[in-house]
Amino acid sequence: MPLTDEEIAAMTAAERRDLILRLAPRPDGMPPLRTIERIRKWRTALMLVCVAALIPWTVYLAVTLPSHYVARNWVATWVGFDILLLTMLTLTAVAGWKRKQLVFPTAFASGVLLICDAWFDVMTSQRGGDLTQALLGAFLVELPLAFVLIAGPLRLLRYVAVRHGLIHPHMRLWRMPIPIPDLYPNRKLPRDS
């Protein structure tokens, strides 16, 4: 029995979400919930171990690194970094042009690389014109572009979840759950957890 546009419009948001969840096919190859939970717990534990190890390492470096150091492979380092940045920006442009979901990770990674580029440009510049140029480049080009590359796909990801009735329209981005009902025990997404 087909539903008319009027009948769908008369539904509550919860009824539309339930209908979407019932009609949406379960993707092939998705592991069972138990496997997903085990992977999530191990990855979370791995990240916490990395955080715990990075804190004393950072303190150690702050205390022991010399204030002046002549770097080997300076040109290869910067050219290699710029090639990586160029590759990520190109992938982002192609994915965006073709409207592919690959734009989410490539844009985010490109934004992070631009932030790193701005940081290292400013921190390795000599005082005077070199530092002024690095600061202008960072604040006028790299950081605004990084904001666009990170914020745009995050907003689009949120919009997709709202559009499909998987999250509440007023839910804040940082509270947004992964919009796959199979990840939740009762197959219902948290409303605002």
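All of the points below concern the structure found in this document. No experiment lies behind these values; they were computed from the predicted model shown.

About the criteria used
- Starting from 1, residues in each chain are numbered consecutively following that chain's sequence as written.
- Confidence filtering applies because this is a predicted model: local features only for residues at pLDDT of at least 70, side-chain atom pairs given and counted only at 80 or more, and all residues used for totals across whole chains, interfaces and linings.
- Side-chain measures were taken over the full set of non-hydrogen atoms in the model, leaving aside hydrogen atoms and water.
- Comment: axis = line fitted to C-alpha atoms, over the contacting stretch for helices; angle = value between 0 and 180 degrees taken between N-to-C directions.
- A run of H or I in DSSP becomes a helix once it reaches four residues, and a run of E becomes a strand once it reaches two; helices and strands are each numbered from the N terminus.
- For this classification, under 35 degrees means roughly parallel, over 145 means roughly antiparallel, 65 to 115 means roughly perpendicular, and everything else is oblique.
- Whether a crossing is left-handed or right-handed is set by the direction in which the near helix is turned from the far one by less than a right angle, anticlockwise for left-handed and clockwise for right-handed.
- We call two residues contacting when some pair of their heavy atoms lies within 4.5 Å.
- For a helix, the expected span equals 1.5 Å multiplied by the number of residues minus one.
- Buried residues are those whose accessible area, probed at 1.4 Å on protein chains only, stays under 20% of the maximum for their type, while exposed residues exceed 50% and partly exposed ones sit between those limits.
- Two rings from Phe, Tyr or Trp (for Trp, the six-membered ring) form a pair when their centres are within 6.5 Å of each other. A pair whose planes differ by under 30 degrees is stacked, one over 60 is edge-to-face, and the rest are tilted.
- When charges are counted, Lys and Arg contribute as positive and Asp and Glu as negative, whereas His and the chain ends are disregarded.
- A side-chain nitrogen of Lys or Arg and a carboxyl oxygen of Asp or Glu constitute a salt bridge if their distance falls within 4 Å.
- Grid points spaced at 1 Å over the protein atoms alone were grouped into cavities, where a 1.4 Å probe fits but cannot get out, and pockets, open sets with protein on both sides within 12 Å along at least five of seven lines, with lining residues defined by an atom within 4 Å of a point.
- Grid points are joined across faces, edges and corners, and a volume is the space filled by probe spheres set on the points.

## Details of the packing of helix H4 (residues 74–97) against helix H5 (residues 103–123)
In a packed pair of helices, the relevant descriptors are the angle between the two axes and the axis-to-axis distance. Two elements in contact, H4 and H5, have axes separated by 9 Å at closest approach and are oriented at 150°. Here H4 is positioned roughly antiparallel relative to H5, judged by the angle of their axes. As for the relative orientation of H4 and H5, their crossing is left-handed in sense. Where H4 approaches H5, its residues Trp-78, Phe-81, Asp-82, Leu-84, Leu-85, Met-88, Leu-89, Leu-91, Thr-92, Ala-95 and Gly-96 are matched on the opposing element by Val-103, Thr-106, Ala-107, Ala-109, Ser-110, Leu-113, Leu-114, Cys-116, Asp-117, Phe-120 and Asp-121.

## Here's the deal with H4
Between its terminal C-alpha atoms H4 stretches 34 Å, which fits the 34 Å expected from 24 residues at 1.5 Å a residue. When we look at burial in H4, the residues that qualify are Trp-78, Phe-81, Leu-85, Met-88, Thr-92 and Ala-95. Of the surrounding secondary structure, the elements contacted by the buried residues of H4 are H5 and helix H6 (129–163). At the exit of H4 stands Arg-99, carrying a positive phi of roughly 55°.

## Structural notes on the packing of aromatic side chains
Working definition: an aromatic ring pair is given by the centre-to-centre distance plus the angle between the planes. Tallying each qualifying case throughout the model produces three aromatic pairs. Ring geometry for Trp-78 against Phe-81: centres 6.2 Å apart, planes inclined by 75°, an arrangement best described as edge-to-face. Within this pair, Trp-78 and its partner Phe-81 are both found in helix H4, separated by three residues, close to a single helical turn. Here Trp-78 and Phe-81 have matching classes, each one buried. Within the aromatic cluster, the residues linked to one another by ring pairs are Trp-74, Trp-78 and Phe-81.

## Here we look at the side chain of Glu-142
Among the structural elements, Glu-142 can be located in helix H6. Although Glu-142 lies buried, it forms no salt bridge, and the closest oppositely charged side chain, Arg-127, sits 19 Å away as judged by the N-O distance. Setting aside chain neighbours within four positions, we find Glu-142 in contact with Leu-114, Asp-117, Ala-118, Asp-121 and Gly-137.

## Thoughts on the layout of surface pockets
The computed volume of the largest pocket comes to approximately 770 Å³. Every element with two or more residues in the lining of the largest pocket is listed here: H4 and H5. Looking at which element gives the most residues to the lining of the largest pocket, the answer is H4, with four residues. If you add up the space inside the second largest pocket, you get close to 420 Å³. Around the second largest pocket sit 16 residues that line it, and Gln-101, Phe-104, Leu-156, Leu-157 and Val-160 are the ones nearest its centre. Elements that contribute at least two residues to the lining of the second largest pocket include exactly H4, H5 and H6. Broken down by element, the residue count for the lining of the second largest pocket peaks at five residues, all from H6.

Geometric values such as these leave the question of function open.
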